[in-house]
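Summary of the model geometry
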Amino acid sequence: MTLPQELEQKFSEIIGKYPPEYKKSALVPLLLYSQDALGKITPELVNEVARRVGVFPLQVEEVLTYYSMLHFPKPMGKYHVQICTNVSCQLTGGPELWELACKRLGLGHKEVSADGLISLEEVECIGACSWAPAIQINYDFHHFVTPEKLDELLDNLRQLQ
Amino acid sequence: MADLVKLTIDGIPVEAAPGSLLIEVARRIGKEIPAFCYYDGFSQVAACRMCLVEIEGIPKLMTACTQPVGEGMVVRTETPKLAEARKGTLEFLLTNHPLDCPVCDKGGECELQDMVFRYGASESRYVEIKHHHDEQQWSPVVYFDPARCILCYRCVRVCSEGMGVNALGVVQRGAYAEIAPNHTDHLECDECGACIDICPVGALTSDTYRYQTRPWEMNHVGTICTHCSNGCKTTLGVRNDQIIRGNNRDRSGINGEFLCVKGRYAFDFNESEERLTTPMIRKGGKLEPASWSDAVRFVAGKLKQLKEAGRQIGVVGSGRVTNEESYYLQKFARQVLGTNSIDHERSGDVVTLLDALAGRANALATVDDLYRAKAVLVIGSDLAHQHPLLHWQIRANWRHHAAHTYSVTAGPVREDQHTVAAIRAAEGAEMNALEQLRDKLSAESELAIVFGDSVKGEAVRQLVSFGDSLGIPVKYVCLVDYVNSRGAMDMGIIPELLPGYQSAAAAGLPVGLTLPQMLANEHLGALWVVNADPLRNTRLAAKEAFVIVQDLFLTATAQQADVLLPSASLYEKLGTVTNVCGEVQRLTKAAQTMGAKADLEIIGLIAKELGMASQMGPWITDKVFAEMQQVVAGYNVPLPVIATGGAAQTLPPAVKIGVETDPALIRSARDTQFTSGTLGSYSKKLDSLLESPGSLYQGENVLALATQ
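Basis of the calculations
- Residues numbered from 1 in each chain as written.
- Chains lettered and ligands numbered in written order.
- Predicted model: local features only at pLDDT ≥ 70, side-chain atom pairs only at ≥ 80, totals over all residues.
- Helix = DSSP H or I, 4+ residues; strand = E, 2+ residues; numbered from the N terminus.
- Expected span 1.5 Å × (residues − 1).
- Contact = placed C-beta atoms within 7 Å.
- Buried ≥ 20, exposed ≤ 12 C-beta atoms within 10 Å, placed from the backbone.
- Pairing = 2+ DSSP bridges.
- Right-handed = clockwise from strand over helix to strand, strands pointing away.
- Axes fitted to C-alpha atoms, helices over the stretch in contact; angles between N-to-C directions.
- Parallel < 35°, antiparallel > 145°, perpendicular 65-115°, else oblique.
- Left-handed = near helix turned anticlockwise from the far one by under 90°.
- Nonpolar A, V, L, I, M, F, W, Y, C, P; charged D, E, K, R; others polar.

Compared with the 16 Å implied by 1.5 Å per residue over 12 residues, the 16 Å span of helix α6 (residues 94–105) of chain A between its first and last C-alpha is a close match. In this fold, the buried residues of α6(A) make contact with β1 (79–84), α5 (87–91), β3 (118–123), β4 (135–137) and α7 (147–160) of chain A.

With that out of the way, let us pick up the pairing of strand β22 (residues 474–478) of chain B. Residue and element names in this part refer to chain B. Here β22 lies mainly inside the structure; 5 of its 5 residues are buried. Burial along β22 is two-sided: Val474, Tyr476 and Cys478 facing one way and Lys475 and Val477 facing the other are all buried. Note: strand β21 (residues 447–451) against β22, 5 bridges, orientation parallel. Residue Ala448 lies in a different strand from β22, and its bridge partner there is Lys475. The parallel pair β21 and β22, bridged by helix α15 (residues 458–469), forms a crossover whose chirality is right-handed.

Residues and elements named next belong to chain B. In this fold, Leu4 is placed in the segment before β1 (5–9). In sequence terms Leu4 and Phe546 are 542 residues apart; their C-alpha atoms lie 71 Å from each other. Contact partners of Leu4, with chain neighbours within four places excluded, come to Glu15, Ala16 and Ala17.

Residues and elements named next belong to chain B. A sheet is described by the order of its strands in space; here 3 strands give the open sequence β6-β7-β10, paired in antiparallel fashion. The open sheet is flanked by β6 (136–137) and β10 (204–206), the only strands paired with a single partner. Here β6 runs beside strand β7 (residues 142–144); their pairing, made up of 2 bridges, is antiparallel. The residue bridging Gln136 from the neighbouring strand is Phe144, located in β7.

A few words now on the packing of helix α8 (residues 323–336) of chain B against helix α19 (residues 599–609) of chain B. Residue and element names in this part refer to chain B. Two numbers describe how α8 lies on α19: the axes approach to 9 Å, and their chain directions differ by 25 degrees. By the angle between their directions, the pair α8 and α19 is classed as roughly parallel. The chirality of how α8 crosses α19 is left-handed. Across from Glu324, Glu325, Tyr328, Leu329, Phe332 and Val336 in α8, the residues of α19 making contact are Asp599, Leu600, Ile603 and Ala607. Here the contact of α8 with α19 is built from residues that sort into 7 nonpolar, no polar and 3 charged.

Any link to function would need more than the numbers given here.
Take a look at the structure:
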């Protein structure tokens, strides 16, 4: 599989950080960067990454399915909305945000909108307890989220399209 | 050797080598510490938490499977606290485990069931609905029931570490973690079934054994696998003369627990509906059923008539029959029929190797040597496919002893995963390529060389002188095809040699025809074929020749028979076979097919009909073996060793054989894991597997896993 040039460069850079005998340590970063760059992880990519780090494709799948931030085989949407419902967020309105998001988007846990634009996930603690309730959209954090703010955020996502 | 460590286990003082694991040391003194994930010979994962023990001075319970022994350690393996811990672990393992023991294949020999009985975790505090996932079929032989899996990782390890296949993995995490096959919903692998045998519960089950029987309803018969030449012991589960499963969980035999797909599943040919069960005589161009007495009388009469007429009689032996049968057959041919035209399909140049090694002790490697030698060189064979046990041994040697392996082969082989050097050389060009390894090999302290049929004739002598020139002890294995191909050579099923590699010419015997010469001889009076199929792709030049065939099936050769005698399979016989390393092992009779007779008995009956019974001696395996011990050089092996299920290696002849054989006659059938000559084509299970022979050497699966 040929990778986009930028990703190809990133691959060499990441693999180069590890001693050759430990190049399989590059597995998780390679997958994470690929997911961001390509939007999804395909079986072809699994084979490609396996070949590059010298493991079997099944071993790549083991890693992919273990880590919750790697989405395989089903990709998440372009905008992945992650709502925390762990203790701090739970006490400050996280579950209400979750229900609101479900209702507004018509999606459940790890579901993707028909156009592939938005996906929803109920996540464990994202380490933003001091600013609870918090949600995360892709890599951006949003603090002290209220139902109104959530509405606005979701509206913005539609417009960003 | 470092000083032994002294410790106490349950009040018993023990000494153990530093670094040895508590669980192993305890086992040695008869204290069985329960464990699911620990399996000797494989890496440790400490996943199951069953092997917890108390160690004085350590506040927490420790896992005995990862705990090395320490000086002065005081260990307790059975205390109320441990019983409570194990009970808790079991309760946890049972949270999602179905209570379907009454229909589970593993019932009665299930390690989880045993443990629950022992620690009484029969009640659970969990009331939640069990997480369930439906059963899946991964291949024609492998079924997986995720709900029963306790995630011990044994199957994953035996496949990756033991076999080098890496077809199994664990996907998802936590309570949702599950064993997964390498192709999403199916397996592409060796189909060896090691994962099924090693599974402590009934999560992995085999197609042949599913819902068939209970372990206590079978007789367990340890005999030798009838397929390739490696000579694995297989323990057949037999009920009412039907073979239901093959495994070797008791680790008897040279193979320990190892078996390949053929040993585990390809016993079904034995019950094939195509088995011949009645003798047939050709009448008016058609084979008609006949009684044994009529058939034997007919054969004897014809042989007598042809012999008296001075016609040439050709005899074709096989690597599929026992040593006793081969010995008796050649004796019959040479002494009764007066013909020296006796041959079989030769698959390796054993004769030249033994000639080159004549008089040497410790020059032939055993199967065990391949596990212990400091270095192993493989020439011209893809062992993983053609000689699975030898591949397993060499891989285990690399895993456990960091042995150096070298390969000189025409294409990629599985040893490439760990070879020090892998050289690609076309068939026949291996000897030149070998020179590239000279420096590396000379630096080894010892070497075992395994070579295939592309090294024959002069090349074998070159190989032995190459070995001699290295200045280190070298042992050899000459690869041959079938279960007793080596034995057929030893027993003189070739015109050039008598049993024990005695020159036939020197003994005053006339020059006999080789197999191709027999088939091409227009004047041949009779052809007697014992368990072989030489006419599968060639025609018999002598159209009028009287053809006698002893076989299990109506092969291409059998179809041309004038008399067809149904013979018993190796699973239905007594006797001995000699494996690829020259190790003699004894068979045990596991089953019988009504109407078929052992080849030894068939030959005996013909001899009796000819009035030659007393000259031939009784057709009783033990009597024939006793005669072989006297007559066949190298076969004076200790009877107690083989009678108790052991393997005894024969020695090369004391003096040079001094007989040249034609290397052109040597040609291996190159059976893979999914073929096995005639028998393979009558095994439905093997046939069903031909479709998925594993793309293990293609594309992304060809990996030089230097880091693993």
